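# Descriptive structure summary
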Amino acid sequence: MIHLRVCFVVLLLLAVVGVGDFVPFNSSPAVAIAAEKSKEADLLDINRATADQLKALPGIGDAYAEKIIKGRPYQRKDELVQKQILPRATYEQIKYKIVAKQK
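Residues numbered from 1 in each chain as written. Predicted model: local features only at pLDDT ≥ 70, side-chain atom pairs only at ≥ 80, totals over all residues. Heavy atoms only, no water.

## What about the confidence of the model for the chain?
- Confidence along the chain averages 82 in pLDDT terms, with 65% of residues attaining 70 or more.
- Put simply, helix 2 (residues 29–41) is where the chain has its lowest mean pLDDT, 56, and helix 4 (residues 62–70) is where it has its highest, 98. (pLDDT = per-residue confidence, 0-100. Helix = DSSP H or I, 4+ residues; strand = E, 2+ residues; numbered from the N terminus.)

Here it is as structure tokens:
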């Protein structure tokens, strides 16, 4: 009975948390690197994004998109808050969707 409860809890946690970024333990380093690059490719580069691409992010409208573009280049994405381009709450909504790549 205890084993059944443990299995149920584990399955429930997996359903809630998800396993989208799971890379098998015994997979090759190439698989892990490819998974990381794929994840990075989905991020929007704030140093190169157009105004329309920036406006697609949650909480970013015309004014914020223009401020982001005028504040370029960025060494790190958190400079959006440090340079007072975005409020902390807006940054928290987009921080996992953006990156500040260097040339």
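Now that the structure has been shown, the text picks up again.
## A closer look at the nonpolar core
- Counting 17 residues, the largest nonpolar core has Ile46, Leu54, Ile60, Ile68 and Leu80 as its most contacted members.
- At the level of secondary structure, the elements contributing two or more residues to this core comprise helix 4, helix 5 (79–82) and helix 6 (88–94). (Core = buried A, V, L, I, M, F, W, Y, C linked by side-chain atoms within 4.5 Å. Buried < 20%, exposed > 50% of the residue type's maximum accessible area, 1.4 Å probe, protein only.)

## Section: the pattern of salt bridges
- Counted by the stated rule, this structure contains 8 salt bridges.
- Here Asp52 and Lys55 are joined by a salt bridge, their closest N and O atoms 3.5 Å apart. Note that Asp52 and Lys55 are positioned in helix 3 (residues 51–55) at a spacing of 3 residues, about one turn of the helix.
- Accessibility expressed as a relative area gives 58% for Asp52, which makes it exposed. (Salt bridge = Lys/Arg side-chain N within 4 Å of Asp/Glu carboxyl O.)

## Side note on unusual backbone geometry
- In this structure, the amide linkage connecting Arg72 to the following residue, Pro73, adopts the cis form with an omega of 0 degrees.
- Its place among the elements puts Pro73 in the loop between helix 4 and helix 5.
- Even without being a glycine, Gln84 presents a positive backbone phi close to 60 degrees.
- Within the secondary structure, Gln84 sits in the loop between helix 5 and helix 6.

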